[in-house]
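Coordinate analysis (summary)
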Amino acid sequence: QLQPAVIVLAHTSGDKPMVSVHVSKSLADAGTWNAGQMVRTLAAAIQGGGGGQPFYATAGGKDVSGIPEVLRQAGAMLGLGQ
């Protein structure tokens, strides 16, 4: 029931870092936020790649130590400070 929302999750699956981005339909439809673009940018921090649709996208990578940087960058993208 979070509307509108942009949600970024970073976690590990085994020894692989993963990032998921979900954007509320209203924000994605308006072009305000694009999950696919966001996840591609964030994936660089975990030496990975990914993609998806404007409302939901995922990425996998090789460098688990990059997860804190993913979260820092996501916060900066969303205007949450450092």
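Before reading on, note that the structure itself is shown above.
Rules and cut-offs
- Residues numbered from 1 in each chain as written.
- Predicted model: local features only at pLDDT ≥ 70, side-chain atom pairs only at ≥ 80, totals over all residues.
- Heavy atoms only, no water.
- Helix = DSSP H or I, 4+ residues; strand = E, 2+ residues; numbered from the N terminus.
- Rg over C-alpha atoms; globule rule 2.2 N^0.38 Å.
- Buried < 20%, exposed > 50% of the residue type's maximum accessible area, 1.4 Å probe, protein only.
- Pairing = 2+ DSSP bridges.
- Salt bridge = Lys/Arg side-chain N within 4 Å of Asp/Glu carboxyl O.
- Contact = heavy atoms within 4.5 Å.

Here we take up the overall build of the protein chain. Helices and strands together make up the secondary structure of the protein chain, namely three helices and four strands. The secondary structure elements of the protein chain, listed N-terminal to C-terminal, are β-β-α-α-β-β-α. Relative to the compact-globule value of 12 Å for 82 residues, the protein chain shows a C-alpha radius of gyration of 12 Å, a close match. Overall size of the protein chain, expressed as C-alpha extent along the three principal axes, is 35 × 25 × 20 Å. Sorting the 82 residues of the protein chain into buried and exposed places 33% on the buried side.

Glancing now at the pairing of strand 2 (residues 16-23). Sheet topology places strand 1 (residues 6-13) next to strand 2; eight bridges connect them, and they run antiparallel. Bridge pairing in strand 2 links Ile7 to His22. Once strand 1 ends, the chain turns through two residues before running back antiparallel as strand 2, passing Gly14 with a positive phi of about 70°. The pairing of strand 2 with strand 4 (residues 56-60) spans five bridges and is antiparallel. If you follow His22 over to strand 4, its bridge partner there is Tyr56.

One pass over the structure, following the stated rule, counts two salt bridges. As a salt-bridge pair, Asp29 and Lys25 come within 2.8 Å of each other at their nearest N and O atoms. In this pair, Asp29 and Lys25 are both assigned in helix 1 (residues 25-30), four residues apart and thus about one turn of the helix distant. Classification of Lys25 as exposed rests on a relative accessible area of 58%.

Here we take up the side chain of Ser20. Mapped onto the fold, Ser20 is located in strand 2. When neighbours within four sequence positions are excluded, Ser20 is seen to be in contact with Ile7, Val8, Leu9, Tyr56, Ala57 and Thr58.

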